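# Observations on the three-dimensional arrangement
One-letter residues, chain by chain:
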Amino acid sequence: QVQLVESGGGLVQAGGSLRLSCAASESIFNINIMGWYRQAPGKQRELAATITSGGNPNYADSVKGRFTISRDNAKNTVYLQMNSLKPDDTGVYYCYARKVVSVTWGQGTQVTVSS
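Residues numbered from 1 in each chain as written. Predicted model: local features only at pLDDT ≥ 70, side-chain atom pairs only at ≥ 80, totals over all residues. Heavy atoms only, no water.

Here we come to the sheet that holds strand S7 (residues 67-72). Spatial ordering of the open sheet is given by S1-S3-S8-S7, a layout of four strands whose pairing is antiparallel. Looking along the sheet, the strands with just one partner apiece sit at the ends: strand S1 (4-7) and S7. Pairwise comparison of adjacent strand axes, ignoring direction, gives a mean angle of 15° for this sheet. (Pairing = 2+ DSSP bridges. Helix = DSSP H or I, 4+ residues; strand = E, 2+ residues; numbered from the N terminus. Axes fitted to C-alpha atoms, helices over the stretch in contact; angles between N-to-C directions.)

Structure below.
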């Protein structure tokens, strides 16, 4: 089963930017969907953005126009560029991979946006 390691989280002021990275332990070429979910304190985990093996992105309405997801198959890495960050974006961001019916989660990286 593929393993996922996230990095790039941190503390940023509102309006700032961060780029999250998710490195996979194997080739992501044949991983159907990869993406990012997030979980705010006291709330359920929710979709932020996903991208298919063909490069088609999907975004939650709350992040459209501010976040950009991309994948680099040569580096086995998925990125989430987050701009114009808001305090509501605060939470733990989890990398996600689905290969056929197998689902894998990363350990999560904390993103904190101060007002």
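And the narrative resumes.
Moving on, we come to the environment of Val100. Position of Val100 relative to the elements: it lies in the loop between strand S9 (91-99) and strand S10 (102-105). Residues Val100 and Ile31, 69 residues apart in the sequence, show an inter-C-alpha distance of 7.7 Å.

Here we come to the nonpolar core. Of all hydrophobic cores here, the largest spans 28 residues; its most connected members are Leu4, Met34, Trp36, Ile69, Leu80, Met82 and Tyr93. The set of elements that each furnish at least two residues to this core consists of strand S3 (18-24), strand S4 (33-39), strand S5 (46-52), S7, strand S8 (77-82), S9 and strand S11 (109-114). Ranked by residue count, the leading element in this core is S3, at four residues. With residues up to four places along the chain from it excluded, the contact list for Met34 reads Leu4, Cys22, Ile28, Thr50, Ile51, Ile69, Arg71, Val78, Cys95, Tyr96 and Ala97. (Core = buried A, V, L, I, M, F, W, Y, C linked by side-chain atoms within 4.5 Å. Buried < 20%, exposed > 50% of the residue type's maximum accessible area, 1.4 Å probe, protein only. Contact = heavy atoms within 4.5 Å.)

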